[in-house]
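Geometric and topological summary
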Amino acid sequence: MGSNFNNVPPFPSDVPTIDLRCLSYNKLLAEDVAESEQLFKSCKENGFFLLNLQGSNEGDEMLELAKFAFQLSEDLSMKSDKEELEKYAWKPPGSIFGYKGLGKTKTEDGKPDNAEFYAMAQDDMIGNVAPSAHPPIIEQARPKIKEYCTRAHSILMHLMSHLDKHLGLEAGTLASLNPIDQPSGTSLRMLHAPPLPAGSAARGSVFGHTDFGSMTLLFNIVGGLQVLVPPDAEPIDANYRYVKPQPGCAIINLGDAMIPWSGGLLKSNMHRVVVPPGEQKTIDRYSLAYPMRPAANASMRRLAKVGANEGAETEMNGEKDICAKDWEKLRVARLVGGNLKRVAVMEVKEVEA
Ligand SMILES: O=C(O)CCC(=O)C(=O)O
Ligand SMILES: [Fe+2]
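Below is a short write-up of the structure. This is a predicted model, so every value here is computed, not measured. Counting from 1, residues in each chain are numbered in the order their sequence is written. Chain letters start at A and ligand numbers start at 1, both assigned in the order the entries are written. Residue-level local features of this predicted model are given only where pLDDT is at least 70; pairs of side-chain atoms are given and counted only at 80 or more, and the full residue set underlies all totals for whole chains, interfaces and linings.

**Considerations on the site of ligand 1**
Quick note on the threshold: Think of it this way: take the backbone, place a C-beta atom on it, and check whether that atom is within 6 Å of the molecule or strand, in which case the residue is near it. Only DSSP runs of H or I reaching four residues or more are called helices, and only runs of E reaching two or more are called strands; each is numbered from the N terminus. Residue type decides the class: Asp, Glu, Lys and Arg count as charged, Ala, Val, Leu, Ile, Met, Phe, Trp, Tyr, Cys and Pro as nonpolar, and the leftover types, Gly among them, as polar.
Near ligand 1 the following residues occur: R189, L191, V206, D211, L218, N220, L225, H271, V273, S287, A289 and P291. Contributing elements (two or more residues each) for the shell around ligand 1: β5 (187–193), β7 (215–220), β11 (271–273) and β12 (285–292). Here the shell around ligand 1 takes three residues from β12, the largest share from any one element. When the residues that make up the shell around ligand 1 are grouped by side-chain class, the tally is seven nonpolar, three polar and two charged.

**Looking at helix α3 (residues 57–79)**
Keep this limit in mind: Expected helix span is computed as 1.5 Å times (number of residues minus one). The burial label depends on the number of other C-beta atoms within 10 Å of a residue's C-beta. Counts of 20 or more mean buried, 12 or fewer mean exposed, and intermediate counts mean partly exposed, with C-beta atoms placed from the backbone.
Taking 1.5 Å per residue as the helical rise, α3 with its 23 residues ought to reach 33 Å, and the 32 Å between its terminal C-alpha atoms agrees with that figure. Every buried residue belonging to α3 is among G59, M62, L65, A66, A69, L72, S73, L76 and S77, and all of these are buried.

**Some words on the nonpolar core**
This is how it is decided: By convention the nonpolar core is taken to be a set of buried residues drawn from Ala, Val, Leu, Ile, Met, Phe, Trp, Tyr and Cys and joined through C-beta atoms within 7 Å. In this description, any two residues whose backbone-derived C-beta atoms lie within 7 Å of each other are considered to be in contact.
L51, M190, A250 and L288 are the most contacted members of the largest nonpolar core, which has 85 residues in total. Here the element with the most residues in this core is helix α7 (residues 142–166); it accounts for nine residues. Setting aside residues no more than four positions away along its own chain, L51 makes contact with L23, Y25, C249, A250 and I252.

**Notes on the sheet that holds strand β1 (residues 22–24)**
Keep this limit in mind: Two strands pair under a simple rule: DSSP has to find at least two bridges between them. Note on geometry: axes are C-alpha line fits, over the in-contact stretch for helices, and angles between N-to-C directions span 0 to 180 degrees.
Across the sheet, eight strands lie side by side as β1-β2-β10-β7-β12-β5-β4-β3; this open sheet has mixed pairing. The open sheet has two edge strands with one neighbour each: β1 and β3 (98–100). Shown here is a sheet whose adjacent strand axes are inclined to one another by a mean of 25°, direction ignored. Bridge count for β5 against β12 is five bridges, and the pairing is antiparallel. Considered in β12, the bridge of A193 is made with R285. Against the sheet, helix α2 (residues 33–45) makes contact with β1, β2 (48–52) and β10 (249–254), and its axis sits at roughly 145° relative to β1, the strand it touches most. Each of β4 (116–121), β5, β7 and β12 touches α3; the most contacted strand, β12, lies at about 120° to it.

**Quick notes on the pairing of β2**
Within β2, four of the five residues are buried, which leaves it mostly tucked inside the rest of the structure. As judged from the three bridges shared by β1 and β2, these two strands associate in the parallel manner. Residue pairing in the sheet places S24 in a bridge with N52 of β2. Inspection of the sheet shows β2 paired to β10 by five bridges, in the antiparallel sense. Note on β10: the bridge partner recorded for F49 is I252.

**Things to note about the sheet that holds strand β6 (residues 206–209)**
As a general point, the strands of a sheet are linked pairwise by backbone hydrogen bonds and lie either parallel or antiparallel. Taken in spatial order, the four strands make up an open sheet running β6-β11-β8-β9, and their pairing is antiparallel. Each of the sheet's edge strands pairs with one partner strand only, and the pair in question is β6 and β9 (240–242). Pairwise comparison of adjacent strand axes, ignoring direction, gives a mean angle of 25° for this sheet. Two elements, strand β8 (residues 225–228) and β9, share three bridges in a ladder whose sense is antiparallel. Bridge assignment links V227 to a residue of β9, and that residue is R241.

**Examining the pairing of β5**
Each regular strand shows side chains that alternate between the opposite faces of the sheet. For β5, the tally of buried residues reaches seven of seven residues, placing the bulk of the element in the interior. The side-chain alternation of β5 yields two buried faces, one formed by S187, R189, L191 and A193 and the other by L188, M190 and H192.

**Regarding the packing of α3 against α7**
As a reminder of what qualifies: In what follows, roughly perpendicular refers to angles from 65 to 115 degrees, roughly parallel to angles under 35, roughly antiparallel to angles over 145, and oblique to any angle outside these ranges. Two helices cross in a left-handed way if the nearer one is turned anticlockwise from the farther one by less than a right angle. They cross in a right-handed way if the turn is clockwise.
For the pair α3 and α7, the least separation of the axes is 10 Å and the interaxial angle reads 140°. By the angle between their axes, α3 is oblique relative to α7. In the crossing of α3 with α7, the sense of the turn from one axis to the other is left-handed. Each of E58, E61, M62, L65, F68 and A69 in α3 lies in contact with α7, whose residues at this interface are K144, E147, Y148, R151, A152, S154 and I155.

The following block contains the structure:
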């Protein structure tokens, strides 16, 4: 994947960027205490960090799989008949997987988005459920997509094991809420934003949102991703900063599920994708998102004991239980209804009331 960075115009130096921590996956694998502290800090401050995957077998394998998936995404975008892809259309809230064509959603300013994507359900790709039909380009890639999901999941599980420790949870607690072998809404989503025709008005690709799941592993090469700074700022243009993509690194961000689980201690930050900065706006932008979601039947309730010394709300009285599947349904319905409000700590209670 590193080589792909050589084929794109440089990320400009005169745009506002967010200075994300770049953590070493190798050090985290070796249980490096300082690196682990930095991970926890990032999760509490803004829920975003870069993860350098170079130098460990697992990390290098993930980078190779990303290279494969970037090519797959390009092949799908460039070699497919769009009408053919519409046979596998994404139709929320009923079907949140499949193909979404350009302009099917609106960005903040009410204009149609400038991105297409193809989302593949992990359950389908790894065999938790009977396979669904996909275009031949995807069908042929099934074994690699399965490898991709498996590898991405195991990397995120390791990051979760660090959070278990910091949150004072028993080892394996967060992993047990995100098992790969049980049905969940986890997917691999390949996004493509074509360059806008010269002289046309700017149009964003992905409207401001937080990810629904527990943790996302993201690869991009071309800029355009922006994060809200600080996380509780008004979601207006002036408060968004670009993330500068780094070779050999994934971008990790926490999703909304971490908020109720951690009693609001951890952050799930608003982000969006706008026109790539500077000269980068002249080329096709591809990104690969693996938003890991909790098992469908996982409880969204605050985890007992979580962060008692860290200022998290630990009072659980009155909180009703709701499973991830129902919680996500409410989130999708809210999104389709145009409500992009952030998830509140007490959302579990709110939605059930
Ligand atoms: O394309 C990107 O860089 C980010 C995409 C994203 O936020 C998402 O798919 O949830
Ligand atoms: Fe996202």
